[in-house]
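# Results of the structural survey
Chain by chain, the residues:
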Amino acid sequence: MIEVKNLYKKFGQLEVLHDISETINEGEKVVIIGPSGSGKSTFLRCLNLLEEPTSGEIYFRGQNITDKSCDIDKMRQKMGMVFQLFHLFPHKTILENITMAPILLKLMNKKQAEEKAYGLLERIGLADKALTYPGKLSGGQKQRIAIIRSLAMNPEVMLFDEPTSALDPEMIGEVLDLIHELADEGMTMVLVTHEMGFAREVGTRILFMDAGSIVEQNKPAEFFANPQNPRLKSFLDAVL
Amino acid sequence: MFADFTHSLYKCFIYKDRYLLFIEGIQNTLLIALVAVFIGIAIGMLIAVIRVYHQQTGKFKFANAVCGLYLTVIRGTPMVVQLLIMYFVIFASARNGVPVAMLAFGINSGAYVAEIFRAGIQAVDKGQTEAGRSLGLSSAQTMRHIVLPQAIKNVLPALGNEFIVLFKETAIVGYIAIVDLTRAADIIRGQSYEAFIPLFTAAAMYLIIVIILTQLLKVFERRLAKSDRG
Ligand SMILES: Nc1ncnc2c1ncn2[C@@H]1O[C@H](COP(=O)(O)OP(=O)(O)O)[C@@H](O)[C@H]1O
Ligand SMILES: [Mg+2]
């Protein structure tokens, strides 16, 4: 579904991604772990071109999205993204947060979008919050709204960048549960996280990034039981 | 003594219905400031968006250069000179100075409002733009529906302030034969040979209106803060 070929990313002189090639197939739940600053976010953000690669190609459903002629806005409609800090729109109600993009992009009319939004809100038990503003919600609620805001676009893949890192411990569970449900329903996802238990449980493949490269990857059981790369070993020793 | 003062009052306000001149003056002052601030907001928002876009994407090179020139010229020359040029050169055939003054002050204010808006747009968290773009919205849609509404809310108090500033600055429109509050006071000063009463009347009217506007702005800011949905 997503194919990355020889991806490089530099910020000025600083090389953040070094020659990454990777394929993410439909239905996979790819979990990316690695030390802070290793380029996990940058890699994820390159997948929907929030960061422009310095060189290399990224294909989404066979289309080269790094090509100048590609309509990236169209592609992004099918790639949901969830951020560490939620980024709900504070001037819009919860309902408007969810319906805004589908309506503006003319994918649904207002009624359809609201029906969809209420369906999603009911699913996460927050339908009563539809008409309130994001400022009134807890972190866990905000993040779950951010997730269904993406879902309202009917994405084919979801990108999560440390979705629980900014949350109080008692709210992490509710967000992970929702992501878990999506995974079980077959959503293709790429997830950056520090939650190793969750990675093992939900991931179908774990990638370890270090200094801008994917230095090791494996199925979860193997990955955690049998790490090869010394840097991965010491990373796992430190976090487990 | 008291009789003298009453007589002066009479000369300045009642005699030949001179109070009407004050009313005309204050009306013109308020009208010019009000229309000018809206023209300024329109110009300022446009310029701010162009400049921020250019900064972010490198596009709109020419438009950005034009904006830069405009800002330099407007901020580098006295308002009175701009007003005189507008009235006697650009709109040399204009009979009524009021619309010309509205435009001149609007164009002038736009340069300052542009900076207010630019700061307001840049104060909106970058994550807001990224969230909008990641949903598939275009940069224009993201600007219009996500960034600008938040930026406008951020800068409303500063825009209210700009209106108060403009309200006082319009006191120079007498140069192009408009009877504003200042000019009204000056005319009556000349006709009545009384300086104290008409000039202090004008000053008091400016002051009272500024105080009222400042208070309104404070109430408004408090309401805005209360409705701040975080
Ligand atoms: N916009 C940027 N400008 C300059 N440097 C950046 C930018 N974004 C990230 N970096 C740098 O790139 C490196 C990788 O960052 P990031 O992808 O956020 O790492 P991770 O998500 O793994 O912690 C870090 O050294 C970071 O400082
Ligand atoms: Mg990161």
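The rules behind the values
- Residues numbered from 1 in each chain as written.
- Chains lettered and ligands numbered in written order.
- Predicted model: local features only at pLDDT ≥ 70, side-chain atom pairs only at ≥ 80, totals over all residues.
- Heavy atoms only, no water.
- Helix = DSSP H or I, 4+ residues; strand = E, 2+ residues; numbered from the N terminus.
- Rg over C-alpha atoms; globule rule 2.2 N^0.38 Å.
- Buried < 20%, exposed > 50% of the residue type's maximum accessible area, 1.4 Å probe, protein only.
- Contact = heavy atoms within 4.5 Å.
- Areas by Shrake-Rupley, 256 points an atom, 1.4 Å probe, with all protein chains shown as cover.
- Lys, Arg positive; Asp, Glu negative; His and termini not counted.
- Charge placed at Lys NZ, Arg CZ, Asp CG, Glu CD.
- Pairing = 2+ DSSP bridges.
- 1 Å grid on protein atoms, 1.4 Å probe; cavity = no way out; pocket = protein on both sides within 12 Å on 5 of 7 lines; lining within 4 Å.
- Points joined across faces, edges and corners; volume = space filled by probe spheres on them.
- Nonpolar A, V, L, I, M, F, W, Y, C, P; charged D, E, K, R; others polar.
- Near = heavy atom within 4 Å.
- Polar contact = N/O pair within 3.5 Å; in protein donor to acceptor, adjacent residues only side chain to side chain.
- Core = buried A, V, L, I, M, F, W, Y, C linked by side-chain atoms within 4.5 Å.
- Buried area = accessible area lost by both parts, 1.4 Å probe.
- Salt bridge = Lys/Arg side-chain N within 4 Å of Asp/Glu carboxyl O.
- Expected span 1.5 Å × (residues − 1).
- Bend = angle between axes of the 7 residues up to and from the residue.

Let's shift gears to the overall build of chain B. Counting its secondary structure elements, chain B contains nine helices and zero strands. Start at the N end of chain B and walk to the C end: the helices and strands fall as α-α-α-α-α-α-α-α-α. Taken over C-alpha atoms, the radius of gyration comes to 22 Å for chain B, far larger than the 17 Å a tight globule of 230 residues would show. When its C-alpha atoms are laid out on the principal axes, chain B stretches across 75 × 45 × 25 Å. A burial count over chain B gives 45% of its 230 residues as buried. For chain B, long-range pairs separated by at least 24 residues make up 75% of all intrachain contacts whose partners lie at least 6 apart in sequence. Surface accessibility of chain B: about 12100 Å² in total, with carbon and sulfur atoms responsible for 67%. Counting 21 positive and 13 negative side-chain charges, chain B places the averaged centre of each group 8 Å from the other.

It is worth spelling out the pairing of strand S4 (residues 55-60) of chain A at this point. Residue and element names in this part refer to chain A. The sheet contact formed by strand S1 (residues 2-11) and S4 spans five bridges and is antiparallel. When the bridges of S4 are listed, Val4 appears paired with Ile58. In the sheet, S4 pairs with strand S5 (residues 63-64) via two bridges, with the strands oriented antiparallel. Note that in S5 the partner of Phe60 across the bridge is Gln63.

Further remarks concern the layout of surface pockets. Considered as a void within the structure, the largest pocket measures approximately 1300 Å³ in volume. Contributing to the lining of the largest pocket are 38 residues, with Leu49(A), Leu50(A), Gln56(B), Thr57(B) and Arg133(B) lying nearest its centre. Secondary-structure elements contributing two or more residues to the lining of the largest pocket are S1, S4 and helix H2 (72-76) of chain A together with helix H2 (19-57), helix H5 (97-122), helix H6 (126-134) and helix H7 (139-169) of chain B. Residue contributions to the lining of the largest pocket peak at five residues, all from H2(B). Here the residues of the lining of the largest pocket are counted per class, giving 14 nonpolar, 10 polar and 14 charged. If you add up the space inside the second largest pocket, you get close to 300 Å³. What lines the second largest pocket is a set of 13 residues, and nearest its centre among them are Leu156(B), Leu159(B), Gly160(B), Phe163(B) and Leu217(B). Counting residues per element, the ones that place at least two in the lining of the second largest pocket are H2, H7 and helix H9 (196-226) of chain B.

On to the site of ligand 1, then. Residues and elements named next belong to chain A. Every residue lining ligand 1 is accounted for by Phe11, Leu14, Val16, Pro35, Ser36, Gly37, Ser38, Gly39, Lys40, Ser41 and Thr42. Residue Ser38 places a main-chain N or O atom 3.2 Å away from an oxygen atom belonging to ligand 1. Burial of ligand 1 by the protein amounts to 60% of the accessible area it has alone, namely 560 Å². Elements that contribute at least two residues to the shell around ligand 1 include exactly strand S2 (14-24) and helix H1 (40-47).

Grouped together as the largest cluster of nonpolar side chains are 46 residues, with contacts concentrated most on Ile33(A), Ile145(A), Ile147(A) and Phe160(A). Per-element accounting of this core gives the leading share, eight residues, to helix H6 (residues 169-184) of chain A. Contacts of Phe160(A), omitting those with residues within four sequence positions, involve Leu44(A), Val82(A), Ile147(A), Ile179(A), Leu182(A), Met189(A), Val190(A), Leu191(A) and Val192(A). Counting 40 residues, the second-largest nonpolar core is a separate cluster that includes Met79(A), Leu159(A), Met209(A) and Ala131(B).

With that settled, consider the interface of chain A and chain B. Where interface size is quoted, it is often the accessible area lost as the parts come together. Of the residues lining the interface, 26 residues belong to chain A; the matching set on chain B comes to 19 residues. Of the roughly 2000 Å² buried where chain A meets chain B, counting both sides, 60% is carbon and sulfur surface. Viewed at the interface, chain B and chain A are joined by two salt bridges. Across the pair Asp73(A) and Arg133(B) runs a salt bridge, and its minimum N-O distance is 2.9 Å. Put simply, chain A and chain B have five residue pairs in polar contact (both at pLDDT 80 or more) between them. Counting residues per element, the ones that place at least two in the side of chain A that touches chain B are H2, strand S6 (79-82), helix H3 (94-104) and helix H5 (139-151) of chain A. A total of three residues in the side of chain A that touches chain B trace back to one element, the largest contributor, which is H3(A). Each residue belonging to the side of chain A that touches chain B can be placed in one class, and the counts come to 14 nonpolar, six polar and six charged.

Let's shift gears to the pairing of strand S3 (residues 29-33) of chain A. Residues and elements named next belong to chain A. Of all the five residues making up S3, five are buried; the element is thus mostly covered by neighbouring parts of the structure. Along S3, one buried face is formed by Lys29, Val31 and Ile33 and the opposite face, lined by Val30 and Ile32, is buried too. In terms of strand pairing, S3 meets strand S8 (residues 188-192) through four bridges, oriented parallel. The partner of Ile32 across the bridge, within S8, is Val192.

Time to look at H5(B). All names here are of chain B. The first and last C-alpha atoms of H5 sit 37 Å apart over 26 residues, in line with the 38 Å expected at 1.5 Å per residue. At Ala111, H5 shows its maximal kink, close to 30°. The N-terminus of H5 is capped by Asn96, whose side-chain oxygen sits 2.9 Å from the backbone nitrogen of Val98.

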